[in-house]
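Notes for the structure review
One-letter residues, chain by chain:
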Amino acid sequence: YSQKKKSITSSKDVCGYPLSIFFIVVNEFCERFSYYGMRAVLVLYFKYFLQWDEDLATSIYHTFVALCYLTPILGAIVADSWLGKFKTIVYLSIVYTIGQVAMAVSAVHDITDSNRDGTPDNMTFHVALSMVGLFLIALGTGGIKPCVAAFGGDQFSEHQDKQRRTFFSVFYLCINGGSLLSTIITPILRGQECGIYSQQKCYSLAFGVPAALMVVALVVFIVGSGMYYKAEPEGNIMLDVCKCIGFAIKNRYRHRSNQYPRRQHWMDWAEEKYDKLLIAQIKMVLKVLFLYIPLPMFWTLFDQKGSRWTLQATTMNGYFGKLVIQPDQMQIFNPILILTLVPIMDSVIYPLIKKCGFNFTPLKRMTVGMFLAAMAFVCAALVQVEIDKTLPVFPSASQSQLKLLNMGSSAVTVNLPGNESLTLNAAQVCLCNVIFSQTQDLTSKPGQGNNEIRFVNGMNMPVNVTTSAVDLGLIEPFYYSTYSTIKNGETKFSLLSGSQSCEYIKDFGFGGSYTFFIPSTFVFGPDCQDSITVVEDIEPNSVHMALQIPQYFFITAGEVMFSVTGLEFSYSQAPSNMKAVLQAGWLFTVAIGNFIVLIVAEIAKLPNKWAEYVLFASLLVLVCIIFSTMAYFYTYIDPSEIEDQFSKKVDEDEDDKDKREKAEIKMVRRDSAESYDDSYKQSNM
């Protein structure tokens, strides 16, 4: 303690705060920006860049998140038992930075795009590099998670309690601030188009900026090195707890026969080797950890807002007036609602419930939070039902789609086997499901909110069609162009044939497919816009992204009541030296919850997404009932009182021991005196 006091006293203070903490705060903001920015676009990178299906993209996403919540346990043990917090943060931040750079490089499509068509030719290289990058990121972000906040707290002396509390408030504000800004910015970067030979969605920039922020975080943290108080590693309580539990189990197994008397609790079998106070503290922790058993199901639903919900948003309309919201930007509602709901809950909702005479205990709050998360997935299911109504119906396995286009100047009657006769007017298109096929067409809805368009030339002269972003090329007479990708928004097409030209303007939404027919009667000039016939092959996204706001509200309200209250409850029910054990257990429930997503999705194999949402909601309601039953029989305790009782008992035992020792000394002295008298008498005789 004297070494710490001397070290902190020698450091500079700014406005009553150690100068060193400003480096820590900046480091945390940049690191959280880096992590959440990369994670915001990750599932879309899997689907659209690596070209995985939604199930595989979701599975790998949740595996990554699970690893990010498993590695903090490793980081805490390394910091407390071996390297210390400072070295652990520096070394793992280097690993973290390498991982972010690897992700940015893996998203550069030009590296393996030898034919320059915009699609990587060696996808194995990109997949392997991205998986290595994600593993390093999980190791880095998880490893430093338990160290940074604790390292910041170490910088304050004993008389700076108020400043320490303010620091933690600012620290967690930086976490939410970094998350909020990165969730806004990185999807915008992803939506840009970049490339050396061909222009594609700029995932490399979306990963590159977080990588740059991680470099800044590392440099800033190292610059402040000379100002930090660096506590020496003193051992990790989790290792002691595990050893004590292991010894109790092993000792109980050795004495499993009936000849040995039973003990009140199975942890009592560790009394031969470990202190009774430690055993009592572990009993209190195990009581809380038992309540953790149903908790992973909440995280199973909660973390799908970054996977399933983001993929759901890609099939929706993102126009908010003149503002366009990207699918992965919808996640910004989570940090915004957290910053809004936490003070409202603490200042308005909870006091109001208390005034109504209802005992809204922490475990009851957590139960309500789980129920709200289930309601969020019911909302997601209802939104999915509306989306499914707008999705195109493609031919079944026994059918093909035939597109009939009348390119002449008069009506045509068409007779198809097994179908009624059709009359097509000039420049008219008809779609028919028949048992034979003449042409190939789109077999899925355009991804990433883009639009697919093509032109059909019905004139007897070639036409060149171009836009500022795409060149459809020269279209021969009575022929069509291949599909080209067009972003949402207004697009101007230039039609050229010899010296004649036409400007055609079309405003596109999200996820539509169109065929533009240039009729044989087409005339170039200022009025050419009205001569082109537009056929909507696939309806654009019409369900608005605003419909996702209720599900984000319910999931965030559930998070506030479940997560914030759960940590508060856990800390109040455990001894002060066991906080790290409970934090490890809490993070472990998050990891298990993400693994459950993989298990349920693989076992269920439901064809409809709305049914999967209902399944997850139903499972959480079931778990909610189980948890409420467990909570009903839980008895709240005061760990400090129990520890005081043990301390008093130890003191009494020591007093008794002292009395016994004094009595023994008196007895020894008396015996010695009697022995002396006897020997004196014998010598006189």
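Residues numbered from 1 in each chain as written. Predicted model: local features only at pLDDT ≥ 70, side-chain atom pairs only at ≥ 80, totals over all residues. Heavy atoms only, no water.

**Let's talk about the overall build of the protein chain**
Each helix and strand counted, the protein chain has 18 helices and 19 strands in total. By residue count, 48% of the 685 residues in the protein chain fall in the buried class. Taking as baseline every contact in the protein chain between residues at least 6 positions apart, the subset at least 24 positions apart corresponds to 75%. If you sum the accessible surface of the protein chain, you get close to 33800 Å²; carbon and sulfur atoms cover 59% of it. (Helix = DSSP H or I, 4+ residues; strand = E, 2+ residues; numbered from the N terminus. Buried < 20%, exposed > 50% of the residue type's maximum accessible area, 1.4 Å probe, protein only. Contact = heavy atoms within 4.5 Å. Areas by Shrake-Rupley, 256 points an atom, 1.4 Å probe, with all protein chains shown as cover.)

**Brief notes about the nonpolar core**
In this structure, L42, Y45, F46, F64 and F207 are the most contacted members of the largest nonpolar core, which totals 133 residues. For this core, the leading source of residues is helix α14 (residues 362–390), giving 12 residues. Those residues in contact with F46, other than ones at most four positions away along the chain, are Q51, W52, A57, I60, Y61, M131 and L134. Within the second largest apolar cluster, 21 residues are counted, among which are L472, F493, Y504 and F508. (Core = buried A, V, L, I, M, F, W, Y, C linked by side-chain atoms within 4.5 Å.)

**Comments concerning the side chain of T310**
You can see T310 is positioned in helix α12 (residues 308–313). Residue contacts for T310: discarding those within four places in its chain leaves V43, L44, K305, P327, D328 and Q331.

**A closer look at the sheet that holds strand β16 (residues 489–497)**
Sheets are built from strands that pair by backbone hydrogen bonding, the pairs being arranged parallel or antiparallel. Strand order in the open sheet formed by 4 strands is β13-β12-β16-β17, and the pairing between neighbours is antiparallel. Lying at the two open borders of the sheet, with one neighbouring strand each, are β13 (471–475) and β17 (500–508). This sheet shows a mean twist of 15 degrees between the axes of neighbouring strands, independent of strand direction. For strand β12 (residues 463–466) and β13, the ladder comprises 4 bridges, and the chain directions are antiparallel. (Pairing = 2+ DSSP bridges. Axes fitted to C-alpha atoms, helices over the stretch in contact; angles between N-to-C directions.)

**Let's talk about helix α17 (residues 609–632)**
The end-to-end C-alpha distance of α17 is 35 Å, a good match for the 34 Å that 24 residues give at a rise of 1.5 Å each. Residues of α17 that are buried in the fold lie against α10 (276–291), α11 (296–302), α12, α14 and α16 (579–604). (Expected span 1.5 Å × (residues − 1).)

**What about the pattern of salt bridges?**
If you walk through the whole model with that rule in mind, you get 11 salt bridges. Between E54 and K47 there is a salt bridge, and its shortest N-O distance comes to 2.9 Å. The two residues E54 and K47 agree in class, both being buried. Two residues, K283 and D268, come together in a salt bridge whose shortest N-O distance is 2.6 Å. In this pair, K283 is assigned in helix α10 and D268 in the loop between α9 (237–254) and α10, connecting sequence segments 15 residues apart. Connected via shared salt-bridge partners are K47, E54 and K609. (Salt bridge = Lys/Arg side-chain N within 4 Å of Asp/Glu carboxyl O.)

**Focus: the pairing of β16**
Pairing geometry for β12 and β16, over 3 bridges, is antiparallel. Counterpart to T466 in the pairing with β16 is S494. Hairpin remark: β16 followed by β17, antiparallel, with 2 residues in the connecting loop; positive phi at G498, about 65 degrees.

**Remarks on the packing of helix α15 (residues 549–572) against α16**
One can describe the packing of α15 onto α16 by two numbers: an axis separation of 10 Å at closest approach and a directional angle of 150 degrees. Taken together, the axes of α15 and α16 lie roughly antiparallel to each other. At the point where α15 passes α16, the crossing takes the right-handed sense. Each of F562, S563, G566, L567, S570 and Y571 in α15 lies in contact with α16, whose residues at this interface are K579, L582, Q583 and W586. Tallied by class, the residues present in the contact of α15 with α16 amount to 5 nonpolar, 4 polar and 1 charged. (Parallel < 35°, antiparallel > 145°, perpendicular 65-115°, else oblique. Left-handed = near helix turned anticlockwise from the far one by under 90°. Nonpolar A, V, L, I, M, F, W, Y, C, P; charged D, E, K, R; others polar.)

**So, the packing of aromatic side chains**
Given two aromatic rings, their pairing is described by the distance between the two centres and the angle made by the two planes. With the rule as written, the count across this model stands at 49 aromatic pairs. Measuring from centroid to centroid gives 6.2 Å for F493 and F508, while their planes differ by 75 degrees, and the two rings are edge-to-face. With F493 in strand β16 and F508 in strand β17, this pair connects stretches of sequence that are 15 residues apart. With respect to burial, F493 and F508 carry one shared label: buried. The interplanar angle of 70 degrees and the centroid separation of 5.5 Å between the aromatic rings of F569 and Y634 together place this pair among those described as edge-to-face. Separated by 65 residues along the polypeptide, F569 in helix α15 and Y634 in the loop between α17 and α18 (639–684) bring together distant segments of the chain. The pair formed by F569 and Y634 is uniform in burial state, with each residue classed as buried. Taken together, the ring pairs connect Y45, F46, F49, W52, Y203 and F207 into an aromatic cluster. Geometry around F358 places K364 over its ring, the cationic atom sitting 5.0 Å from the centre. (Phe/Tyr/Trp six-rings, centres within 6.5 Å; stacked < 30°, edge-to-face > 60°. Lys NZ or Arg CZ within 6 Å of the ring centre and 35° of its normal.)

**Quick word on the layout of surface pockets**
One way to see where empty space is left: roll a probe the size of a water molecule over the atoms. Considered as a void within the structure, the second largest pocket measures approximately 1100 Å³ in volume. Residue lining of the second largest pocket: 39 residues in total, with Q200, Q448, N450, E452 and T485 positioned closest to the centre. Taken together, the elements giving at least two residues each to the lining of the second largest pocket come down to α3 (42–49), β4 (200–201), β13, β15 (484–486) and β16. Taken domain by domain, the makeup of the lining of the second largest pocket includes at least three residues from each of domain 1 (10–235) and domain 4 (412–538). (1 Å grid on protein atoms, 1.4 Å probe; cavity = no way out; pocket = protein on both sides within 12 Å on 5 of 7 lines; lining within 4 Å. Points joined across faces, edges and corners; volume = space filled by probe spheres on them. Domains from an automatic or database assignment.)

**Description of the environment of T565**
Secondary-structure assignment places T565 in helix α15. Taking the C-alpha atoms as reference points, T565 and R365, 200 residues apart in sequence, are found 7.0 Å from one another. Dropping the residues within four chain positions of it, T565 is found in contact with Y350, P362, R365, M366 and V560. Separated by 2.9 Å, the side chain of T565 and the backbone oxygen of M561 make a polar contact. (Polar contact = N/O pair within 3.5 Å; in protein donor to acceptor, adjacent residues only side chain to side chain.)

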